[in-house]
Amino acid sequence: MKILVTGAGGFLGKSIVERLLAHGQNEVRCMLRDTSKARGLEEIAKRYPEAKLEFITVNLRNPAEIVPAVAGCDMVIHAAAALKGSPAEMFMDSAVASRNLLEVIVNELRPMRVVLVSSFGVMGVPELPRSAMVDESTPMERHPELRDVYSHSKLRQEQLFWEYREKYGFDLVVLRPGVIYGPGGGHFSNRVGLSLFGRFLHLGGSNLLPLTYVDNCAEAIVVAALSGANGQVYNVVDDDLVTSRQYLALYRSKVKPVRSIPVPYFALMWGSQMVERYSQRSKGQLPAIFTPYKTRAMWGGNQFSNAKLKSIGWRPLISTREGLERAFAAFRAEPEKAK
Amino acid sequence: MAETRRLRIGIVGCGKIADGHAEVVKHLKGAELAAVCDREPLLAEQLAVRYGVPAWYGDMGEMLARENLDVVHITTPPGVHLPLTRQCVAAGAHVFMEKPLALTAPDAKELIDAVVAGGRKMTVNYWPNFDPPAMEFKQMLARGEVGEPVHVEAFIGYDLAGSYGQALMSDAGHWVHRLPGKLFQNMMDHIFNRIVPLFPDVEPEIHAFAYKRREGVRNDGTDAMLDELRVFLRGGTVSAYASLCSHARPVANTLKVYGTKATVEVDFYNRTVISIASQRYPSAVGRLVPPLQMAGRYLSESKKNIGQFRRSEFHYFAGMSKLLELFYEEIRSGGEPPIPYSEILRVADVMDRVTEQVYPETVAGGAR
């Protein structure tokens, strides 16, 4: 079976390719935006003598480039998405890119199984009570315009996949990873806190972080790609999750000191109301970076389940404890790039 | 009353800058953002959803036919400005153009002619010239405090690693790379639209040179883009020195006018307008006083800015709000355009001549 992985040169994409090879899927076509990303993948392939990796450089904004990438494949794992940029760019690289890919997929003559790497951000968590369980039955976000642009663009992306499946009837499996972490990844999810005016505001308190170590997440994607049921969603979080406070304490002891200001939830919510009101009153003189809606989504605090993922045979490759050890060791060696 | 009629506004081209237009129009009295359009419907949709715009379209003809728009903001790349303008004018809409107005000065002239022939109005988004410091400087000039301009220095910094810079540096197919003047053409308006109004209406002498300071290691279409531009100009008794600088830090945005009575520096980012203090007292004592005077002037600028902030008049696109207020007012009640068309065309002419000098091959090769 030939499998196309989009975003194969990315943080998660590289791990997906490795896990495919580990599962004996040797024919993998790696779609890259930038040829220079192939080097890391070639290193991985050396560990798998049977591997037949193909590399194809494609900008998903250009539909014509996608056709040869999809041709001859039996499965597409779509992991490419925008993580930063202006709203228009993020929609281009998540929603428009996905629509372009879907157009090519549905025009392929052979049946194709499609696996989408979506996000926790697409779920309507702000409407849930605090501490509520977040799982695959959580409804999708109804007010993406009130959330961050990343969540909005990922929601539109996932909706497109369901719309196209409805219309064209291909096999679709959707994964919604929580916070993907590991060596080479970001040091702090916004769920832990934000740097503001040179201080780190610790906003996560005792909330559980929906962490998934990059290799565990990639394993989940591959297990779901190979064994997941058509039309199903699988949330991806690891076992033995830590709280935001535990994460920060461990980061301090293993990586570097962080001067942080803890902000309790009630104060954050009050501050969010103030920021939102001020932003409205001043006609957007300062952006509403905090609003009660965003605060409920990001820092309300929830429980998370990976039972559905386990029901199809996924097990974390490494524990959260070991994942954090590895990530923090790497963070210590390579300081975070300025954002 | 006709004077307070809410204008129905549309936006065509839902890329990055369209956010700025939507944000400004949303808060303007007497205007409502009725519809947005992009040939990529998903982009139109995201802008509409985020700004609560009631309608979005993938086809401008359809938007014009259904929405009865008073004004269309054309925020597409400049290559399609002319045909889109014709279409809007034919539908009875006025147009607010994003810069650069067109690919060449003759195209710019054709665009303005089309608007005039259709009995509609246009202006171009020279918003920094309507920011509070620019407005204050214009008043100083009108009051004669600067005297006659002798020399002008316009400096614009550009950050290739910034959000706009990254968008074009990471994409060799970005439309900016296809402009005859590439990056410069997308930024030069903001330089020359400050110089041209201070020049007499004669054809200026122009000497431009440009180079690439960064190392070209990408081996793609981005490598051809030069990133440092210097231009000397002289028109009658006024000279000017214009820079677009991608490497100096901090990234600055300033205009310094050396007049026969005073020298004034306008800082667009820091929002200050400072008249340079002169030595009025003799000897060493005389040299002690001017820095104190300058400190006092900066302090009073700070106070003014804090006042504006407290009154919620300190937005990033304050100048665009002001320009649109003036433009919409012109549409409602007639009167003079906020930027004379002749001035827009003179800016376009200077830009063409700079491009001819720094990218002779694209001009000769017919890229335009």
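Every value quoted in this text rests on a predicted model; they were computed, and no experiment measured them.

### A look at the overall build of chain A
1) Next: The number of helices and strands found in chain A is eleven helices and 14 strands.
2) Next: The C-alpha radius of gyration computed for chain A amounts to 20 Å, which stays within 12% of the reference 20 Å derived for 339 residues, consistent with globular compactness.
3) Next: Across its three principal directions, the C-alpha atoms of chain A cover 55 × 40 × 40 Å.
4) Next: Residue burial in chain A is summarised as follows: out of 339 residues, 46% are buried.

### Concerning the overall build of chain B
1) Next: The secondary structure content of chain B amounts to 13 helices and 13 strands.
2) Next: For a compact globule of 368 residues, the expected C-alpha radius of gyration is about 21 Å, and chain B comes in at 21 Å, within 12% of that figure.
3) Next: Along the first, second and third principal axes, the C-alpha set of chain B runs to 75 × 55 × 35 Å.
4) Next: Going through the 368 residues of chain B one by one, you find that 43% of them count as buried.
5) Next: Of the contacts formed within chain B by residues at least 6 apart in sequence, a portion of 69% connects residues at least 24 apart.

### A closer look at the nonpolar core
1) Next: Counting 183 residues, the largest nonpolar core has A:Val5, A:Ile221 and B:Ile195 as the members making the most contacts within it.
2) Next: Broken down by element, this core gets its largest block of residues, eleven residues, from helix α4 (residues 87-107) of chain A.
3) Next: Two domains share this core, each providing at least three of its residues, namely domain 1 (2-124) and domain 2 (129-271 + 349-361) of chain B.
4) Next: Dropping the residues within four chain positions of it, B:Ile195 is found in contact with B:Val152, B:Ala154, B:Leu233, B:Ala240 and B:Ala242.
5) Next: Ranked by size, the runner-up nonpolar core spans ten residues in total, among them A:Phe120, A:Val134, A:Leu203 and A:Ala297.

### Comments concerning the interface of chain B and chain A
1) Next: Opposite the 17 residues of chain B that make contact, chain A presents 16 residues.
2) Next: Broken down by class, the residue content of the side of chain B that touches chain A amounts to six nonpolar, six polar and five charged.

### What to know about the sheet that holds strand β10 (residues 199-202) of chain A
All names here are of chain A.
1) Next: In space, the three strands of this open sheet follow the order β9-β10-β13, with mixed pairing throughout. For this open sheet the edge positions go to β9 (193-196) and β13 (260-262), each flanked by a neighbour on one side alone. This sheet shows a mean twist of 25° between the axes of neighbouring strands, independent of strand direction.
2) Next: Of the pairings in the sheet, the one linking β10 to β13 comprises three bridges and is parallel in character. Bridged to His-202 within β13 is Pro-262.

### Quick notes on the pairing of strand β7 (residues 149-157) of chain B
Residue and element names in this part refer to chain B.
1) Next: Pairing between β7 and strand β11 (residues 253-259): seven bridges, direction antiparallel. Residue pairing for β11: Ala-154 is matched across the bridge by Leu-255.
2) Next: Pairing of β7 with strand β10 (residues 238-245), which is carried by seven bridges, proceeds in the parallel orientation. Considered in β10, the bridge of Ala-154 is made with Ala-242.

### Section: the domain arrangement of chain B
Residue and element names in this part refer to chain B.
1) Next: The domains assigned to chain B are domain 1 (2-124) and domain 2 (129-271 + 349-361).
2) Next: Computed over C-alpha atoms only, the centres of domain 1 and domain 2 are separated by 26 Å.
3) Next: Listed per partner, the contact involves seven residues of domain 1 and nine residues of domain 2.
4) Next: Residue classes in the side of domain 1 that touches domain 2 are distributed as four nonpolar, one polar and two charged.

### A few points about the packing of α4(A) against helix α2 (residues 41-51) of chain B
1) Next: Interaxial distance between α4(A) and α2(B) falls to 9 Å at its minimum, and their mutual angle equals 130°. Judged on the interaxial angle alone, α2(B) and α4(A) are oblique. Judged by the twist between their axes, the crossing of α4(A) over α2(B) is right-handed. Within the contact between the two elements, α4(A) uses A:Pro87, A:Ala88, A:Phe91, A:Ala95, A:Val96 and A:Arg99 and α2(B) uses B:Leu42, B:Leu43, B:Gln46 and B:Arg50.
2) Next: Looking at side-chain class alone, the contact of α4(A) with α2(B) contains seven nonpolar, one polar and two charged residues.

### Some details on the sheet that holds strand β2 (residues 31-37) of chain B
Residue and element names in this part refer to chain B.
1) Next: Ordered by their spatial adjacency, six strands build an open sheet running β3-β2-β1-β4-β5-β6, and the pairing between neighbours is parallel. Pairing within the sheet leaves two strands with one partner each, and these edge strands are β3 (55-57) and β6 (122-124). With direction set aside, neighbouring strand axes in the sheet form an average angle of 25°.
2) Next: As judged from the four bridges shared by strand β1 (residues 7-12) and strand β4 (residues 71-74), these two strands associate in the parallel manner.

### Remarks on unusual backbone geometry
The general pattern is negative phi for most residues beyond glycine and trans for most peptide bonds.
Residue and element names in this part refer to chain B.
1) Next: Here the residue pair Lys-99 and Pro-100 is connected by a cis peptide bond, since its omega of -10° sits within 30 degrees of zero.
2) Next: Residue placement: Pro-100 occurs in the loop between β5 (94-97) and α5 (105-117).
3) Next: The linkage connecting Arg-249 with the following residue, Pro-250, adopts the cis geometry, with an omega of -5°.
4) Next: Along the polypeptide, Pro-250 turns up in the loop between β10 and β11.
5) Next: A positive phi is found at Arg-271, a non-glycine position, where the angle reads about 55°.

### Quick word on helix α4 (residues 81-90) of chain B
Residues and elements named next belong to chain B.
1) Next: Looking only at α4, the buried set comprises His-81, Thr-85, Cys-88 and Val-89. Looking down the long axis of α4, one finds its buried residues gathered within 95° of arc, a one-sided arrangement.
2) Next: If you follow the buried residues of α4, they end up packed against α3 (60-67), β4, β5 and α5.

### Describing helix α8 (residues 265-281) of chain A
Owing to its 3.6 residues per turn, the α-helix brings residues three or four apart onto one side.
1) Next: The first and last C-alpha atoms of α8(A) sit 24 Å apart over 17 residues, in line with the 24 Å expected at 1.5 Å per residue.
2) Next: Looking one or two residues past α8(A), A:Lys283 carries a phi angle of roughly 55°, positive in sign.

### What about the packing of helix α9 (residues 182-195) of chain B against helix α12 (residues 341-358) of chain B?
Residues and elements named next belong to chain B.
1) Next: Interaxial distance between α9 and α12 falls to 10 Å at its minimum, and their mutual angle equals 130°. In terms of orientation, α9 lies oblique with respect to α12. The handedness of the crossing between α9 and α12 comes out as right-handed. Contacts between α9 and α12 involve Phe-184, Gln-185, Met-188, Asp-189, Phe-192 and Asn-193 from the first element and Val-347, Val-350, Met-351, Val-354, Thr-355 and Val-358 from the second.
2) Next: Taken together, the residues of the contact of α9 with α12 break down into eight nonpolar, three polar and one charged.

About the criteria used
Residues numbered from 1 in each chain as written. Chains lettered and ligands numbered in written order. Predicted model: local features only at pLDDT ≥ 70, side-chain atom pairs only at ≥ 80, totals over all residues. Helix = DSSP H or I, 4+ residues; strand = E, 2+ residues; numbered from the N terminus. Rg over C-alpha atoms; globule rule 2.2 N^0.38 Å. Buried ≥ 20, exposed ≤ 12 C-beta atoms within 10 Å, placed from the backbone. Contact = placed C-beta atoms within 7 Å. Core = buried A, V, L, I, M, F, W, Y, C linked by C-beta atoms within 7 Å. Domains from an automatic or database assignment. Nonpolar A, V, L, I, M, F, W, Y, C, P; charged D, E, K, R; others polar. Pairing = 2+ DSSP bridges. Axes fitted to C-alpha atoms, helices over the stretch in contact; angles between N-to-C directions. Parallel < 35°, antiparallel > 145°, perpendicular 65-115°, else oblique. Left-handed = near helix turned anticlockwise from the far one by under 90°. Arc of directions from axis to C-beta. Expected span 1.5 Å × (residues − 1).

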